[in-house]
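Examination of the molecular architecture
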Amino acid sequence: MRQPGPGSGCRRLRAEGQRCQGRRRRLHAPQGRHPHGPERQPPVARQLNLDDPLLARYGHFLQGLVTGQDYSTGTSVQDCSAPCLGLSYQSDQQVTQLIWAKLPVSLSLVAGAMVLWLILGVGTGVLSAWRRGRFSERVLTGLTLAGTATPVFVIGLVLMIVVCGELRLLPFPQYVALTDDPEQWAWNLLLPWLSLALIEAAAFARLTRASMLETLAEDHIRTFRAYGVGERSIVGRHALRGAFAPVIALNANNVGSAIGGAVLTETLFGLPGIGQELVHAVNVVDLPVVVGMVLVIGFFVVLANAVADVLYAVADRRVVLT
């Protein structure tokens, strides 16, 4: 066998060095202009008014909310009517159009879940306070604690596997607009409603139970009992009405936050709502969409609390609106 000469190692090293230099020259060779490269950044910045000072950009944003705004897309001008929240960085679509497309899904989810969590939570809390110290009260307390500790995606997955997969009582959820088919709208949202309502109902049950026990210990309740008023009438007509104010406050906070906070429920059941769109916008750093969604969620939080202030006076006659 022929043995390598003393200079073969050096020749191999020189050959390797020449190949590495060739690769570096190819890597650093000038390429074609990328459509989204640095040379495209100044025109896009001018189109989106990103070169203006911060106060000027804030003024443009407020002006768009009141009177609308025109955006240059390079070859044409796009009119954004008031209230204008800007254009999406990803799709060049108006943020208001995105919100109007996603909002009915979130409102449908929250409205149906709210009815269920009020019925389940308030009913469980009243029954638990009425049966205080009995075995049924311990069972209901254990169920509320289990509901509080269980994540919404666990309940949702169990419901889909059992109800849709094993028993086949309901189809797998797929959003259908209320105006298209009201019956299919309700059937397809039943499992998302239950998943979200079971979690929230546990908090309402605990709060209602504590408020009912506090109200049942007041002097006017003892007066009703002394006059011979029935226990059902005391609980249903007098104690529940006095204990409903904290429930109204909690419901207002939950409704406002659930408009954009039901992200896990929307993602699990494939519902294209506000929360899922907000998470996507944050992931891709689509700032106009993020700002628009946050403003809409804040609007519903304020609206829910304003309605709650009015309902306080309806539920409790001692509250006077000024």
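Since the model is a prediction, treat every value here as computed from it, not as a measurement. (Residues numbered from 1 in each chain as written. Predicted model: local features only at pLDDT ≥ 70, side-chain atom pairs only at ≥ 80, totals over all residues. Heavy atoms only, no water.)

**Remarks on the pattern of salt bridges**
Scanning the entire structure with this criterion turns up three salt bridges. Glutamate 277 is the partner of lysine 102 in a salt bridge, and the nearest nitrogen-oxygen pair spans 3.9 Å. Here lysine 102, found in helix α4 (residues 95-130), pairs with glutamate 277, found in helix α12 (residues 274-283); they are 175 residues apart in sequence, far enough to count as distant. Each member of the pair, lysine 102 as well as glutamate 277, carries the same accessibility label: buried. (Salt bridge = Lys/Arg side-chain N within 4 Å of Asp/Glu carboxyl O. Helix = DSSP H or I, 4+ residues; strand = E, 2+ residues; numbered from the N terminus. Buried < 20%, exposed > 50% of the residue type's maximum accessible area, 1.4 Å probe, protein only.)

**What to know about α4**
Over its 36 residues, α4 runs 50 Å from end to end, which matches the ideal 52 Å to within 8%, given 1.5 Å per residue. Taking the largest bend as the criterion, α4 deviates by roughly 35°, centred on lysine 102, and proline proline 104 comes between one and four positions later. (Expected span 1.5 Å × (residues − 1). Bend = angle between axes of the 7 residues up to and from the residue.)

**A word on the confidence of the model for the chain**
Within the chain, residue pLDDT values average 80, and 82% of them lie at 70 or more. Within the chain, no element has a lower average pLDDT than helix α1 (residues 8-27), which sits at 51, and none a higher one than α4, at 91. (pLDDT = per-residue confidence, 0-100.)

**Thoughts on the nonpolar core**
Of all hydrophobic cores here, the largest spans 53 residues; its most connected members are Ile99, Trp117, Leu191 and Met212. Of all the secondary-structure elements, those providing two or more residues to this core are α4, α6 (152-166), α7 (182-216), α9 (231-242), α10 (244-261), α12 and α13 (287-315). Within the second largest apolar cluster, five residues are counted, among which are Ile248, Ala304, Ala308 and Ala315. (Core = buried A, V, L, I, M, F, W, Y, C linked by side-chain atoms within 4.5 Å.)

**Considering unusual backbone geometry**
The phi dihedral of arginine 168 falls on the positive side, at around 55°, and the residue is not glycine. Mapping arginine 168 onto the fold places it in the loop between α6 and α7. Accessibility expressed as a relative area gives 69% for arginine 168, which makes it exposed. The phi angle at valine 285 is positive, at roughly 55°, despite the residue not being glycine. On the secondary structure map, valine 285 appears in the loop between α12 and α13.

**A closer look at the environment of alanine 243**
Secondary-structure assignment places alanine 243 in the loop between α9 and α10. Since its relative accessible area comes to 2%, alanine 243 is described here as buried. When the C-alpha positions of alanine 243 and serine 211 are compared, they lie 5.0 Å apart, and in sequence the two are 32 residues distant. Residues within four places of alanine 243 in sequence aside, it is in contact with Ser211, Met212 and Thr215. (Contact = heavy atoms within 4.5 Å.)

**Concerning the packing of aromatic side chains**
If you walk through the whole model with that rule in mind, you get three aromatic pairs. Between tryptophan 185 and tryptophan 193, the aromatic rings sit 5.4 Å apart at their centres with planes inclined by 75°, giving edge-to-face as the arrangement. Look at tryptophan 185 and you get buried, because its relative accessible area is 16%. When its relative accessible area of 10% is taken as the criterion, tryptophan 193 is described as buried. Each ring, one from phenylalanine 299 and one from phenylalanine 300, has its centre 5.4 Å from the other, and the planes form 75°; the classification is edge-to-face. Against the face of tryptophan 130 rests arginine 131, its NZ or CZ located 5.2 Å from the ring centre. (Phe/Tyr/Trp six-rings, centres within 6.5 Å; stacked < 30°, edge-to-face > 60°. Lys NZ or Arg CZ within 6 Å of the ring centre and 35° of its normal.)

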